[in-house]
Each structure stands twice: as C-alpha cells, then as structure tokens.
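Working through the structure, step by step
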Amino acid sequence: MIVTLSIVLPFIAAALIPFIYRYFKNIHLGWFVLVVPVVLFSFLATYIPRVANGEVFVKTFEWIPSFGINITTYLDGLSMIFSLLITGVGSLVILYSIFYLSTKESLHHFYCYLLLFMGAMLGVVLSDNLMVLYVFWELTSVSSFLLIAFWHHRKASRAGARKAMTITVSGGVAMLAGFLMLYVASGTFSIREIVANLEVVQSSVYFVPAMCLVLLGAFTKSAQFPFHIWLPDAMEAPTPVSAYLHSATMVKAGIYLVARTTPIFGGHEVWFWAVSGVGLLTLFWGSFNAVKQFDLKALLAYSTISQLGLIMCLFGLGSAALHSGYSTESVIYTQATFAALFHLINHSTFKGALFMMVGIVDHEVGTRDIRRLGGLMSLMPFTFTIAVIGSASMAGLPPFNGFLSKEMFFTATLKITELDLFSLNSIGVLFPIIAWVASIFTFIYCVIIVMRTFFGKIQPDRLEKPPHEAPFGMLISPYILVAFVVGIFIFPNVLGHYILSPAMASIYPMFPSVEDMTPHIAAWHGHINPELIMTAGVIIIGVLLYRVLKKWRPIYQLIPPSFTLNALYERVITSGEDVSGRVTNRYMNGNLTYYFVYIYVFFVALLAGYMIYADAFSWDPSKDSVIEPYELVLVFVMIMAAVAIIFAKQRITVVLLNGVLGYSVAFFFVVFRAPDLALTQLVVESVTTALFLLSFKYLPKLKNEYLPKSWRFAKVTISIAVGATVTLIGLAVMNYDRFEPISKYFEDSYNLAGGQNIVNTILGDFRAFDTMLEVVVLFIAGLGIYTLIKLKAKKGDADVESK
Amino acid sequence: MNNIIVLPLIVPIITATLLVFLNNNIKLQRIVSLITMIFVACISVVLLQLIQTEGILRLDFSGWMPPFGILFVADSFSVLLVLTASIVTAVCLIYAFSTIGERHEKMYFYPFVLFLIAGVNGSFLTGDIFNLFVCFEVMLLASYVLIALGGGKMQLRESIKYVLINVVASWMFLVALAYLYGTLKTLNMAHIAQRVAEAGQDPLLTVVSLTFLVVFGLKAGLLLFFWLPGSYSVPPTAVQALFAALLTKVGMYALFRTFMLMFPLQPEITHTIIGVMAGATIIAGCMGAFAGRDVRTIATYNVIISVGFILVALAVGTEDAMAGAVYYLVHDMLGKALLFLLIGTMILVTGEVVVKNMNGLIRIYPLFGWIFFIMMCALVGIPPLSGFIGKVLIGQGAIETESYVLLALAFGSSIIVMYSLLRIFLASFFGETSINEEDKMPIPRGAMASFIILAIFIIGLGVGAEGLAVYVNDAAYTLSNPSVYIDAILNTNK
C-alpha cells in the first residue's frame, strides 16, 4: 500500500502546487515540495531490513484488466536501490534548488514538473506490469522535456528539449514494440510471470527482436553511444535538474531496465555483446570527449555518459553468469553485476556533488567556461573541497567510494577474459584494455575540473560577478553527498549487505544463494593485484598526459566538425525535411488534372492488374440476345459523339454533343422497354443541357490547351485504360449468374405493395427510405446553391485564414 | 426491431429542416442544434446499452424483411462511432457559436452541419449498401456546401477540386454497386456477406471488392488523399474540425465493413493490398507533416498519417487489432477535432499560419497552451492519454501476424507526429512573446469551453479505457466474426 502511495504522492503534490503557490507567496515553494521526497525516503527506508531479508511487496490495482494492463507495484531489492536514489537525491536536489532558484522564476512550473518526474520515475522502478512501466517511462521523457525547456525563452533550451524528447521517445516507442513482442510470446505483461515462464519466451521467435527493441529503449534513455548526443544538449536545464534527472536518476532508467530484464534476456550472446559492447564503447567515447570540453557542465555531461557506459558494460559482463545456469564458476561473473550496482550508487553520490559544485560556481561567478575560470581555491574553499573529493572519487582514487567500484570494474574486465564463451577468449582482452584507456581519460578530465577551476590565476575581468563563497544553504546538499562518498569508502559492506545483495537476488532470481553473490568489499586485498597496478598506471599516465595536454589536444580536430554524430543527426533531420518537402510539393502540386491521373492510374493498375493476375475475366456472348441493326446505329452515334467531344473547340458544341450522348441512352431505355426510365432520362438531359447552355454564356471561351505530346499521349492512354477496365469488368459481371436477384421478390409488387409498376413500388415503398434521403440531398443542394449565391466574400475582407 | 435506431439520422434531418425556416433567430438555432446533438448522443448511449443486453439491433424500414428492404443495423462498432461523432459535433457547434460569425449563422450553417451529421450517422448505421451510397451523398452534399460557405477565393478554388474528385468517387461507387448487384444480386450487407461466403469469394468477387476499395480509399484518404490537404485548409475552423474528425472516418468505417464483413475471404489479396496502401499512406503523410512549416499543412498531413495508422489494423485483421482500431477511431475523432480547433484558434489570435511567426503563446494563453500539449501527447500515443491503448492493441495485432514492416511504419509514424507537433509547440507556444498582455486578443469563452471538453474526453478515454472495453471488445468480436452479424440480420426474426 505504502509503495503505491509513494508513486501517487508526488502526483498529488504536483496537483496541489498551484494552490500552495497562490496562498504562500512569501515562502519559497521548495520548502513545501521538499517534504514529499523526505517523507517518501523515510518511508522506504523502513522497508530496507525486510527487503534485505528477501521479502517483496506486491500490490495490484486494476486499470485496464480487459487487456491485461494492471497497476502492479512491486518492491524488491532492485526497486529499492532506485527508489532510494530517486527520493534521496531528490530531497537533496530540492533543498539545493531552494537556494539556487530565486523566487522570481516561475517556481510553480518548476516544482510541478519536478514532482511529476519524481512520481513517474518511482512508477518506472516500482511497476511490474510492462505497460504501466512504459506509461511512466514516457512520462519521465515528457517531464524531462518540460524541465529542459524550463527557460524556454532561450533558443538552446528549446532545441535541447526537442532533441532529448525526440530521441528518448523514439527509443520508448521501440521499447513498446519490444514489450508487445514479449506479451505476444508470453501472454502476460507481468515481468515476474515472464521470468517464471522463461522457456516459453526464450524459445519464441520474438525473443531476439524483442531484446533488441527493449535495448534500444534502454540505450536511448541512458544516453548510450550513439544516442548519447541528447544529453550534453540537455544541460540547458537548470543545474538542479541536470544533477537530478540527467545524472542521478532518469538516465539510469535505461540501466534499471537492463537490470530488470537481465533474468529474461541475460545469458544470450546478443545481449552480452550488445550491453557490454555498447557500454564499453560509450565509456570510452564519453571520457575521450569529456576532455575536450570547455564548459564544465558539458564536461560533466560527457563524464556522465561515460560513467553510464561503465555501469552498462558491467551489467553486460554480469549477464554472462546466466548463460550456463548456477554453478560455482558462474557465480564469479555475478560480481560484475554487483560492481555495477555499487558503482550506480557511488556515481550518484559523487556526480551529484560535482553538479552542485558546478552550479555553485556558475551561480556565484557567472560562468562555467574553464577558459575564464581559475584561482577560485582561496575564494571558495568549501566549494573547492567538494570538487576535490568528487573528482577524486570519480577518478577512482582512495579513500573515496569511486576507488572501490572502479577496482571491482577492473576485476570484472580481467575476469571476463578467462571466460571461454561467446568467443571471448579471442577478443575478450579488449575489455581490460579499453577500460583502462577510458580510465586514463577519466582521470584527466577529473584533474581538469579541479585544476582549471580552482588553481592557476584568477581572471576577475573575465568573470560576470566578483567571486565569493556560496551561501550556507547551497552547501548543505553537496556536503551530505560528499559525506556519503567518504562514508561508503569506510563502511562499504553495510551498503553491500543491506542494499546491494537484495538487488542481486532480483537480478539472479534463479541463483539459490545471495551470500555467494555478495563479495566482501575491501580497499586493500593484502597484496598487490593487477587491478591496483592498473590504477597506479592510470594515475601516472594520466598526470603525464595532463601535463602535455596542449600538445595532443589537436587530435580532437582530426574529426571534422561536420562528421560528428551531432552534425550527422542534424543533417539527417534537415535533409529529411528537405527531401520530404520537395517530394511532397512535387506530387501535391495543386493541379486537379494530376490528382485525377493518380486516381485513375491507381484504379486501372489495381483492378486491371488484379483481373490479369487472377485471370478473372470471362466473357461468354453465346447467351446474349441478338444485336439488332438499329442498336448498332445507336451505338455508332454514341461513339461518334463521345469522340467528337474531345476535339470540340467551343463549349456549346461540347454541351450539345453531351446531350446527344444522353438522349441516345434514353433511346436505349426505350429499346429495352423501360419507358419510365427513358422519360426520366429525357427530362434530366433536357434540363441539364438547358442549364449548361444558360450558364456557359457567362464563361470565357475555351482556350486551346497547349500540352506536350507525351502528356497528351499519357492522358489518352489513361482514359482508354479506365474505359476498358470498367467495360471488361462489366462484361465479366454480366456472366455471373450464381445467385437469384432479390428483385424477383419485387415482381410480386401488386400483392406485396399494392402497385403494379415495380419501379414505382420500389421507389415508393420497398426502398422508400432511399427516396426520402435523395429528396434530402436535393434539398441540401438547392439550399447550398442559394447560399453560394447569397454569401459572397466581401471585397477587401481580410482573408486571414486563407493565407 | 427497435425504432430508436433511426433517430441519429432522422432527428438531425428534421431539426435541420425546421431550422431552415428559422434562420434569422440565431439564438434558437444554436440551442436547437446543440440539443439535437446532445439528444443523439444520449440515444447512442441507450443503444449501446441495449446492444449489450439484446445483441445486434436492427430496424427493417416499412417492415420489409431482409434481404429485400432497407434496414438499419446497430452493433457496438457503429454505435460507438455514432456516439463519438455526435459528441464531436456538439463540441464543434459550441466552438462555432462564438467564432463562426452571424453571416454564416444566418446562411443556414447549423442546418448544414446537422445534415452532415445525419449523413455520417446514417452511413454508420445502415445495413444496406445502396443506402450507404445515399447516406454518403447526404453527407457529401452538406460537406460541399460547408466547404464553400463564405465564398472566399481560396475556398471556392479548393472546393471545386473537392467536389470534382468526390463526384468521380461517387461515380465509381455507383459502378461498383452495379458490379456488386450484377454478381451477387443483392444489396443487404449481411446477405452479401452470406452469398460471398457461399460462392467462396472467387476472383471476380474480389475484383468487385477492390472497386469498393478504390471508392472507400478515396473517401477515407487511404493513399488517394490528394484532395484532402487543400480542402481541409480552407473552410472556417469549426468546419475544418468537423471534417477532420468525421469525413475520413466514414470512409474507414466502410472499409472495415467491406473487408471484415462482406469480402473477408481473400485476405492474402485484399488485406495485403490494404496493408501496402496503408504503409504508403503513412509514409506520404509523414513526409508531408515532417516538411510542414505552417500549422495547417502539419495538421492536415497528420490526418493522413492517422488514416494509414488505423488501416494498418484492417490489414492486420486480428481481433486485437480490431479492438485497437475501434479505440483509435474514437480517439482520433476527438484528437483531430481538438487539433484543428486549436490551430484554427492560433491563427485567429495571431493572424499567422507559419509556425515561426508565432511565439510565446503559452505566456498569454497558458491553459490554451497546455491543452495543446496534452493533445499533442495524446496524438503521439503517450500514455495515459487516449491514443495509447489503441496503439498498443494495433501493435499487438501486427506482431501476432508478424507484419513487422507495418508495425515499424505505424510506430515510427508516431515519432514524426511528435516531431511535427513539437515544432508547433516549441516555436509557437514557447519562446519570447511578441504580444503584450494589454493588446492580446482574448480567446472566446465558448471556444475555450470546447477545448476543455475535448481535453477531458481525451484524458478520460485514456485513463478510463476500461470503461469502454466492454463495448470495444463486443465491436471487435463482431467485426472479426462476421457470422454474428449475418445471423443477427438473416437468421432471427425479431
């Protein structure tokens, strides 16, 4: 129950914001909002012991039971980690934002979106039903969009918001398709039930496609290569948002999804390579690009991308353990997953602190550009401390938590090379190498953050404001995070036991013992191992490379600006727009003749095409009655008239020839003994001819259209083809006599309807309803023409709408 | 036999005819037309309930038993559409009250709208294919007038195209009817279905069904949509919204009836062709919307995209897909009406149609802006709004039948829908505003009310999807089991 409430509470709070905002103008709105995550965090924290004992909390509410979509909240070890992160970091970020955002901003919008996000994100991690998960997933994208565009008067904010929304929602749509495939394969949307009936899903044809689609969702959301391009642009959001959504929580939704679906997909070769490969590539690419950034926030964005890649990679490596089921050998590989979860938490602590540090610098100095910064150490000592501890942890140095998880990451990459699976023995060695290189770049940008901001010479004239230390309030949150950075280093196993190991049980539900999968975390293993040597190497080479950064910086110019992924994305979009615009304008040219050509060509192609394909044409003249000579004459007259219309030079000739056609049809009715039809036809023909003649008086003369020969030829061909098609089908239809016509029934009209003329009884009784509606049609037509004549647009009317 | 089935058609016709004679009393016209639509909506709700308890209802006019007379048939599918159409019309009327202007009102605007909806409702309800033709004509004639009403230059230019193409389509309809009667010798839809089943849908019958495909494809804007972007851009906003919400839906409805009820036995031919056409429609629509720079173009091509989207469900043809199609049809009627009302209002208050030339609207009209945002999310299919469940079900159907290309196109199209609408939202609603608080043009209250009503429906349909599930499932069941329909018409004598 509490679990469900924790999803709902932020939404309720978001709905209340406008009222609170109106009535408590003097108090910063953030103080009210702060209550929500703090309360939720404390509530959830009380569950930790029970979850650690392996309990899970499930509760189902019906939403759309007819289609298997129910809101099932599910709290287990994995959900616990994420919900604690969401509410914990959420509390700190809101506390920080109270000092960061002034009351002049439209705070009610800001906090409303933030609460929406919080609720949605809790929904993602606490839902068992895939569809409900998707609902909340898209809501996080939407609220992220709104938060990035919070300062929507800035062009960059709007562009960043659009890019983020486009990429994440596209991934979401792919993920939805993947979920639907899982549903079709398994018959349920519940993750637990799918895991319980794994064989069905794994043997289905949908298994690999579903896996790839779900991964697309995860990769786009977690900014994995090559979808990472939205994240740096998302930094246009206010810094608290960047700290919260774009480093600590939302971007980890993809990681959550990977972790959550590992029991389903893990152990498959495609999964292993996709997750660990993409993760590794992202790790490298992010760290490599972070070094070249000048904007501190952009630097942190790339660093986040790289760290997300690291975690992703670890989950991929850990999934190998599922390949051959439970055994003492496979348990070793679960340590990668353990490391992933551990680093997930560590990353949130140190990256959150660093973002807040950058926010402080930006807030107090007015710029985030490292070319303008420098020498702030003495002026902002507290902020400096945050930066040093956060960066050191990120670089993987002791005595901070990042060191522990980084060591475990190295262990995992070294271990995986020993695995004789998925052709790892040949290329598995790439894992430790790339990981090590990426760590060097990580080290370098960590040094850049500290050195370029706080050391060197201060350049007061290039700063917006005179620098000074941040107010106390802004320092609280980062210091709490820094305390965690240090605290976790000192007591890592408390975290391991209470938080991480229950989550391991969720990821490896089929493994019997959680204890096996919970390694003892230690900073010093009593001897010098390869991991430690790797770390030492990172430091030495990192320092060296930093000293000569200027020398090798030009390698970043090796990739021309027009070949970056960003430029590629922009180019695809703009050229896509161009091409579609040109194509659309070419065929939608507003010319009616063209439209008719399309329609008729389609008509002929479809009908004649199918007739030929299915050999549906049949014509058997044997049963037809004899053709009389005067009928032939009539036909000849009609053909002549029809052909002559095409060559007529004057409107009046056209009208008269058209009349000839009509009257000839009337003659046919006479010949075939349908006098009432003949009469009707005669009347219609006379009236229309007269009307045409009357109104054509007001029209300009027919102009001789000049058309190129080919166009003329095409039109003739199409016309003939349409006529031929209609006739041929008609002829085939003539011979179709399997059924007795319903009109046989009407022949008894005298007894049934009391009228001897069958046509009259049909019109007036059997199908009188049609007749009535036809009268209505006439009425509308008459009235319509009246209005058309009466209601003319006045001259000089501003025709605004039809610009 | 149940006489109330005819009311959704006959009540609007009667009130429309009466209102023609009261054209100078604008207030009375407004009240009567609105009440008429609310009444029809209520009747549809009653019908919907009746169908759940008594099964498919029918009304044989003048007591001539099927297959000889004309009849109206009410099943969940048709009545759901009648209900939605009536609600949408009522809302568009509310919008029109404050925006259409006295000149139009005195020129029989309300009677024409009522005639239009009579034709639409008749098309949904009829069980006789010739009567369908006649109902189409009622609807078309009214639409011809509505599109040209006002007599602006652009209006006349586009309406002549609209009229000509539709006259040709009507001619094709007649030819198709002749072929149909020439082969099957009957007009009653259930009877047609029975005879087609008896004959095993041989190639010639498939040819006949394909002629109907061309006809209804023209009406629905399935691939043959060339008339649509121009003609949907010229009439007054309220009329645009009505057209966008209703007209293509009637064509789609007819396609569903043709290929699920009457000619369902050659799916490898007919449904494959529909699938190809739907896919091509989606692509063409996406290209148009993607490149669109003004709100009108973007909106009209969005109509085309959704036509393709819904007909993917027909191409797929499973029961899940049918349920999805029903949900999506209802959603799309509401969503497209709202889209056109909103962009019409944007043009009204700014005097601009190009997206770039408007900006910062959300600062001056916050509620208006947020409703646009909700509508956008709904059309994209972002949950928990109305577009979601239909999309999910259609997707399920496509996966079950392994129609991956259609799945990719349909789902991919929602990204283009989002991109194109985001363009409007980011450029026109966000950003600095160039309008002062003082000289802003107020949005009429009636217009605002109509947006709010539609927005509530969109949210309600998404969150409360379960509420409709009974009816939708019944509709889908009947669609995918034609024998249910046939039995209700031919094998019972109520």
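The model shown is predicted, which means the values in this text are computed figures rather than measured ones. Along each chain, numbering runs from 1 in the same order as the chain's sequence is written. In the order they appear in the text, chains get letters beginning with A and ligands get numbers beginning with 1. The predicted nature of this model means local features are confined to residues of pLDDT at least 70 and side-chain atom pairs, given and counted, to a pLDDT of 80 or more, with totals for whole chains, interfaces and linings taken over all residues. Excluding hydrogens and water, the side-chain values take into account all heavy atoms of the structure.

Next up on the list: the packing of helix H27 (residues 592–614) of chain A against helix H7 (residues 153–184) of chain B. Lines are fitted to the C-alpha atoms to define the axes, a helix being fitted only along its stretch in contact, and any angle between axes, read from their N-to-C directions, falls within 0 to 180 degrees. Counting from the N terminus, the helices are DSSP H or I runs at least four residues long and the strands are E runs at least two residues long. The interhelical angle for the contact between H27 of chain A and H7 of chain B, taken along N-to-C directions, is 20°, at an axis separation of 11 Å. Of the possible angle classes, the one that applies to H27 of chain A and H7 of chain B is roughly parallel. In this structure, the crossing between H27 of chain A and H7 of chain B has a hand that is right-handed. Counted together, Leu592, Tyr595, Phe596, Ile599, Tyr600 and Phe603 of chain A of H27 of chain A and Lys161, Leu164, Ile165, Val168 and Met172 of chain B of H7 of chain B form the full contact between these two elements. Looking at the contact of H27 of chain A with H7 of chain B residue by residue, the class counts come to 10 nonpolar, no polar and 1 charged. Oblique is the label for any angle not under 35 degrees, not over 145, and not in the 65 to 115 range, which are roughly parallel, roughly antiparallel and roughly perpendicular in turn. Each crossing gets its hand from how the near helix is turned against the far one by less than a right angle, where anticlockwise is left-handed and clockwise is right-handed. In what follows, residue pairs with any heavy atoms lying within 4.5 Å of each other are defined as contacts. Residue polarity is assigned by list, with Asp, Glu, Lys and Arg as charged and Ala, Val, Leu, Ile, Met, Phe, Trp, Tyr, Cys and Pro as nonpolar; anything else, Gly included, falls into the polar class.

What follows covers the interface of chain A and chain B. If you look at the interface, chain A gives 107 residues, while chain B gives 132 residues. Here chain A packs against chain B, burying approximately 10,600 Å² in sum over the two surfaces, 76% of which is carbon and sulfur. Salt bridges are counted wherever a side-chain nitrogen of Lys or Arg sits within 4 Å of a carboxyl oxygen of Asp or Glu. For the interface between chain A and chain B, the tally reads 4 salt bridges. Salt-bridge contacts for glutamate 577 of chain A lead to arginine 423 of chain B; the nearest nitrogen and oxygen are separated by 2.7 Å. Here a polar contact is recorded for every N or O atom pair within 3.5 Å, except that within protein the pair must consist of a potential hydrogen donor and a potential acceptor, and residues adjacent in sequence are included only if both atoms are side-chain atoms. Applying the counting criterion to the chain A and chain B interface returns 19 residue pairs in polar contact (both at pLDDT 80 or more). Ranked by residue count, the leading element in the side of chain A that touches chain B is helix H35 (residues 768–790) of chain A, at 16 residues. In the side of chain A that touches chain B, the residues fall into 73 nonpolar, 17 polar and 17 charged. Buried area, as used here, totals the accessible surface that two parts lose on assembly, with accessibility defined by a 1.4 Å probe and the loss added over both.

Okay, the environment of isoleucine 273 of chain B next. Tracing the chain through its elements places isoleucine 273 of chain B in helix H12 (residues 267–291). For the pair isoleucine 273 of chain B and leucine 213 of chain B, spaced 60 residues apart in sequence, the C-alpha separation works out to 9.4 Å. Not counting chain neighbours up to four residues away, the residues in contact with isoleucine 273 of chain B comprise Leu606 of chain A together with Leu210 and Leu213 of chain B.

UniProt positions are given in the numbering used here, feature names are shortened, and annotations may be inferred rather than shown by experiment. When the UniProt feature table is mapped to this numbering, "domain: NADH:quinone oxidoreductase/Mrp antiporter transmembrane" (unreviewed entry) covers residues 128–415 of chain B. Strand forms 0% of residues 128–415 of chain B and helix 82%; the C-alpha atoms that close the span are 40 Å apart.

With that settled, consider the pattern of salt bridges. All names here are of chain A. On inspection of all chains with the given rule, the structure shows 20 salt bridges over all chains. Salt-bridge contacts for aspartate 128 lead to arginine 192; the nearest nitrogen and oxygen are separated by 3.3 Å. Highlighted residues: aspartate 128 in the loop between helix H5 (107–126) and helix H6 (130–148) and arginine 192 in helix H8 (residues 191–196), separated in sequence by 64 residues. Only protein chains enter the accessibility calculation, which uses a 1.4 Å probe. A residue is then buried if its area is under 20% of the maximum for its type, exposed if over 50%, and partly exposed in between. For aspartate 128, a relative accessible area of 2% translates into the label buried.

Turning to the UniProt feature "domain: NADH-Ubiquinone oxidoreductase (complex I) chain 5 N-terminal" (unreviewed entry) in chain A, a few remarks are in order. The sites that carry the UniProt feature "domain: NADH-Ubiquinone oxidoreductase (complex I) chain 5 N-terminal" (unreviewed entry) are, in the present numbering, residues 64–111 of chain A. With 60% helix and 17% strand, residues 64–111 of chain A has end C-alpha atoms that lie 30 Å from one another.

Another aspect to go through is unusual backbone geometry. All names here are of chain B. In this chain, proline 66 is followed by proline 67 through a cis amide linkage whose omega measures 10°. You can see proline 67 is positioned in the loop between strand S1 (57–60) and strand S2 (71–74). Here the residue pair proline 383 and proline 384 is connected by a cis peptide bond, since its omega of 0° sits within 30 degrees of zero. Of note, proline 384 is situated in the loop between helix H16 (366–380) and helix H17 (387–400). Despite not being glycine, tyrosine 108 has its phi angle at roughly 65°, a positive value. Mapped onto the fold, tyrosine 108 is located in the loop between helix H4 (102–106) and helix H5 (109–125).

Turning our eyes to something else, we now look at helix H1 (residues 2–23) of chain A. Note on helix geometry: an α-helix contains 3.6 residues per turn, so any two residues three or four positions apart are oriented the same way. All names here are of chain A. Under the 1.5 Å per step criterion, the end-to-end length of H1 is 29 Å for 22 residues, consistent within 8% with the ideal 32 Å. What is called the bend at a residue is the angle between a pair of axes, fitted to the seven residues leading up to and ending at it and to the seven starting from it. Largest kink in H1: about 40°, centred on leucine 16, with the proline proline 18 one to four residues after it. For H1, the complete set of buried residues consists of Val3, Thr4, Ser6, Ile7, Pro10, Ala13, Ala14 and Ile17. In this structure, the buried side of H1 is in contact with helix H2 (29–46), strand S1 (57–64), strand S2 (69–75), H5 and H6. Helix span is expected to be 1.5 Å times the residue number reduced by one.

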